[in-house]
Amino acid sequence: MSFKLSRRAFAASAALVPVACTTPRSATSLGAPMAAAEQTIVNPLIKNRADAQIFRHDDGFYYMTGSVPEYDRLVLRRARTIAGLTDAEERVLWRHQETGPMSGFLWAPELHLVDGRWIVYFAAGPSGGGEDVFRIRTYAVVCDSSDPMSGNWSVLGEFKGPWDSFNLDSTIFYHNGTRYFAWAQREPGIETNSNIYIAPMASPLTLAAAPARLSVPELDWEIRGFKVNEAQAILQRNGRLFMTYSASATDDRYVLGLLTADADANIMDPAAWTKSPQPVFQTSVATSVYGPGHNSFTVDENGHDMLVYHGRDYKEIEGDPLFNPDRHTRVQRLYYDANGVPEFGVPVGNGPLPDRYAAPDRAGIFLAHQGQMLMAGAAPLPNTQFRAWPQQGGAIRLSPILLRDRHLVAQEDGSVTIGVAQRAGADMFRRVAGPQDGTVRIESLAFPGKALARSGSGIALADVGSGNTVWTVD
């Protein structure tokens, strides 16, 4: 099928999930081959899957669904680890119908367990071509089994929203004992493509109260290409509710914004929510990830919060970006600042997930860099993230995520620089267990007995026995 209108253009003309970075490696496993349960996450996690939702269920499995490039079916896969999702078998749960309102595109599925039944919410439109295929509404299919991978799926019905208008990206979250529905919709009388709404639920497809409009695209970064707020996801942490959402066109201008409310506030009061003045996650030319968005949250195997999202490897797109297949599912560690607010950093780029190396005895001091200068100190999150590229014999090359083609290089005089090694092996290191649980040393292979050490505010090689050669992997 070939269509000239995007869903954005059509809407314009009409005018929670449980909460995924590499599984932290234990000190005893550093430099040794990983066991199956300690598989390394490599981005992109799953190619050609947009609008990704990943969550860990209490059966011990990670479940993943998302939009397929053909927009013609609902799919699901599961694995015991996040990394295992890459090669996990994918089951088709349901295909679009031959005729009617669900015969065209299927968008942005989400799997939820509601009152003991597995339900997939998704947006769909009719087939036939022209503007009508973007008459997008929200529907649900339900499983007749406790196992969503083996049961039979059938249509449950249509979400009964407050208006019969373009709506999509539905999700569920629970707060203070109440189940809420959150979604994006075009509200008649407001000249935007979509706004964000929440309301308590009466049933899987009906609301128990009038909705609250939480956000309308109005800031410069929310209206690039189209006036969009959509794809909301909830994270409840540190006494607050954080709601991410996606904004602007789905090319390299696609970004994440953040709404924040106190956990004890009346979340149906729009005034209880504060909008981030700038996007919290956006395109990074340095790491070559473009248009990151439509996220969800999960936790890794050790309980660390993880950000799940899609993004492309390149900027230039031929035709409508919604029909470009190369939005890949990606994951990375989600960190928090001293005030308990999420720090998203930048999309970390392709390859194994990066780590942070912290001084175990000095809070806030990390192995970091400013440009091509290494340092030990406080720095923005992306400047403290280093990717370990595996080499033969358990060796690694350490590369800053912002300098993808450069590595840490040990010099004859004991200094350590960022660049390209002129001496064979000068950029080779090995991580070995430190003297305390959870600590490591990063030993030079070119200079045996030497390891990366904090030297004032700088980084240099020092004898392995020195206390300042010990790092905590964060």
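Within an unreviewed UniProt entry, the label attached to the chain reads Family 43 glycosylhydrolase, and the organism entered is Croceicoccus marinus. Under the Sequence similarities (unreviewed entry) heading, UniProt states for the chain: "Belongs to the glycosyl hydrolase 43 family."

Novice: Would you take a moment to explain the overall build of the chain for this structure?
Specialist: Within the chain, the regular secondary structure consists of 1 helix and 36 strands. The globule rule puts the C-alpha radius of gyration for 474 residues at 23 Å, and the 24 Å found for the chain is close to it. The principal-axis extents of the C-alpha atoms in the chain amount to approximately 70 × 45 × 45 Å. Looking at the chain as a whole, 58% of its 474 residues qualify as buried. Surface exposure of the chain reaches about 18,100 Å², of which carbon and sulfur atoms provide 48%.

Novice: What exactly am I supposed to notice about the pairing of strand E17 (residues 255–262) here?
Specialist: In the case of a regular strand, side chains alternate between the two sheet surfaces. Here E17 lies mainly inside the structure; 7 of its 8 residues are buried. Note that strand E16 (residues 240–247) and E17 share 8 bridges and pair antiparallel. Considered in E17, the bridge of Leu241 is made with Ala261. In this structure, E17 lies alongside strand E18 (residues 274–275), joined through 2 bridges in antiparallel fashion. The residue of E18 that forms the bridge with Thr260 is Thr274.

Novice: What's the story with the sheet that holds E17 in this structure? I'm lost.
Specialist: Note on sheets: strands pair through backbone hydrogen bonds, and any given pair is parallel or antiparallel. Sheet architecture is open: 4 strands sit in the order E15-E16-E17-E18, paired in antiparallel fashion. The strands lining the two open edges of the sheet, one partner per strand, are strand E15 (229–237) and E18.

Novice: Explain the pattern of salt bridges to me, please; I cannot follow it from the model alone.
Specialist: Any two side chains of opposite charge can pair, given that their charged atoms come close. Counting across every chain of the model gives 23 salt bridges. Measuring nitrogen to oxygen at the nearest pair gives 3.1 Å for the salt bridge that ties Asp115 to Arg179. Remark: Arg179 occurs in strand E11 (residues 178–185) and Asp115 occurs in the loop between strand E6 (106–114) and strand E7 (117–124); sequence separation between them is 64 residues.

Novice: Can you walk me through unusual backbone geometry in this structure?
Specialist: Comment: phi is negative for the bulk of residues other than glycine, and the bulk of peptide bonds are trans. Cis geometry is adopted by the peptide bond preceding Pro44, which originates at Asn43 and carries an omega value of -5 degrees. If you trace the backbone, Pro44 turns up in the loop between strand E1 (42–43) and strand E2 (50–56). In this structure, Asp115 takes a positive phi of about 50 degrees despite not being glycine. The phi angle at Ser288 is positive, at roughly 60 degrees, despite the residue not being glycine. Look at Ser288 and you get buried, because its relative accessible area is 15%.

Novice: Would you mind going over the pairing of strand E21 (residues 328–333) with me for this structure?
Specialist: The element E21 is largely enclosed, with a buried count of 6 among its 6 residues. Bridging between strand E20 (residues 305–312) and E21 involves 6 bridges; their strand directions are antiparallel. Residue pairing in the sheet places Leu307 in a bridge with Gln332 of E21.

Novice: Explanation requested: empty space enclosed by the protein in the structure shown.
Specialist: The gaps left among the atoms become clear once a water-sized probe is rolled over them. Of the pockets and cavities examined, the largest cavity occupies roughly 60 Å³. Together, Asn48, Arg49, Ala50, Ser67, Val68, Pro69, Tyr71, Asn324, Pro325, Asp326 and Arg327 line the largest cavity. Classifying every residue of the lining of the largest cavity by side-chain character gives 5 nonpolar, 3 polar and 3 charged. Space inside the second largest cavity adds up to approximately 40 Å³. Broken down by secondary-structure element, the contributors of at least two residues to the lining of the second largest cavity are E6, strand E10 (167–175), E15 and strand E19 (290–299). Residues that form the lining of the second largest cavity fall into these classes: 2 nonpolar, 4 polar and 2 charged.

Novice: What exactly am I supposed to notice about the domain arrangement of the chain here?
Specialist: How large an interface is tends to be reported as the accessible area lost when its parts come together. One can read the domain layout of the chain as domain 1 (42–352) and domain 2 (354–473). Contact residues are listed per partner, giving 14 residues for domain 1 and 12 residues for domain 2. Taken together, the two surfaces of domain 1 and domain 2 that pack against each other cover about 1,100 Å², and 60% of this comes from carbon and sulfur. Counting the surface domain 1 buries against domain 2, the share from its top three residues, Tyr335, Val348 and Pro352, is 50%. The interface formed by domain 1 and domain 2 contains 0 salt bridges. Where domain 1 meets domain 2, there are 4 residue pairs in polar contact (both at pLDDT 80 or more).

Novice: Is there a simple way to think about the packing of aromatic side chains in this case?
Specialist: Counted according to the given criterion, the structure contains 21 aromatic pairs. A centroid spacing of 5.4 Å and a plane angle of 45 degrees characterise the contact between Trp94 and Phe122, whose relative ring orientation is tilted. Of this pair, Trp94 sits in strand E5 (residues 90–95) while Phe122 sits in strand E7; the two residues are 28 residues apart in sequence, bridging distant segments of the chain. With a relative accessible area of 11%, Trp94 lands in the buried category. For Phe122, a relative accessible area of 2% gives the class buried. Both rings, one in Phe181 and one in Trp183, keep their centres 5.8 Å apart while their planes meet at 40 degrees; by these two values the pair is tilted. Accessibility assignment for this pair places Phe181 and Trp183 in one class, buried. Taken together through their ring pairs, the aromatic side chains of Tyr121, Phe159, Trp163, Phe181, Trp183 and Tyr197 make up a single cluster. If you follow Arg78 out to its NZ or CZ, it ends over the ring of Phe61, 4.6 Å from the centre. Sitting above the plane of the Phe366 ring, Arg356 keeps its charged end 4.0 Å from the centroid.

Cut-offs applied
- Residues numbered from 1 in each chain as written.
- Predicted model: local features only at pLDDT ≥ 70, side-chain atom pairs only at ≥ 80, totals over all residues.
- Heavy atoms only, no water.
- UniProt positions renumbered as here; feature names shortened; annotations may be inferred.
- Helix = DSSP H or I, 4+ residues; strand = E, 2+ residues; numbered from the N terminus.
- Rg over C-alpha atoms; globule rule 2.2 N^0.38 Å.
- Buried < 20%, exposed > 50% of the residue type's maximum accessible area, 1.4 Å probe, protein only.
- Areas by Shrake-Rupley, 256 points an atom, 1.4 Å probe, with all protein chains shown as cover.
- Pairing = 2+ DSSP bridges.
- Salt bridge = Lys/Arg side-chain N within 4 Å of Asp/Glu carboxyl O.
- 1 Å grid on protein atoms, 1.4 Å probe; cavity = no way out; pocket = protein on both sides within 12 Å on 5 of 7 lines; lining within 4 Å.
- Points joined across faces, edges and corners; volume = space filled by probe spheres on them.
- Nonpolar A, V, L, I, M, F, W, Y, C, P; charged D, E, K, R; others polar.
- Domains from an automatic or database assignment.
- Contact = heavy atoms within 4.5 Å.
- Buried area = accessible area lost by both parts, 1.4 Å probe.
- Polar contact = N/O pair within 3.5 Å; in protein donor to acceptor, adjacent residues only side chain to side chain.
- Phe/Tyr/Trp six-rings, centres within 6.5 Å; stacked < 30°, edge-to-face > 60°.
- Lys NZ or Arg CZ within 6 Å of the ring centre and 35° of its normal.

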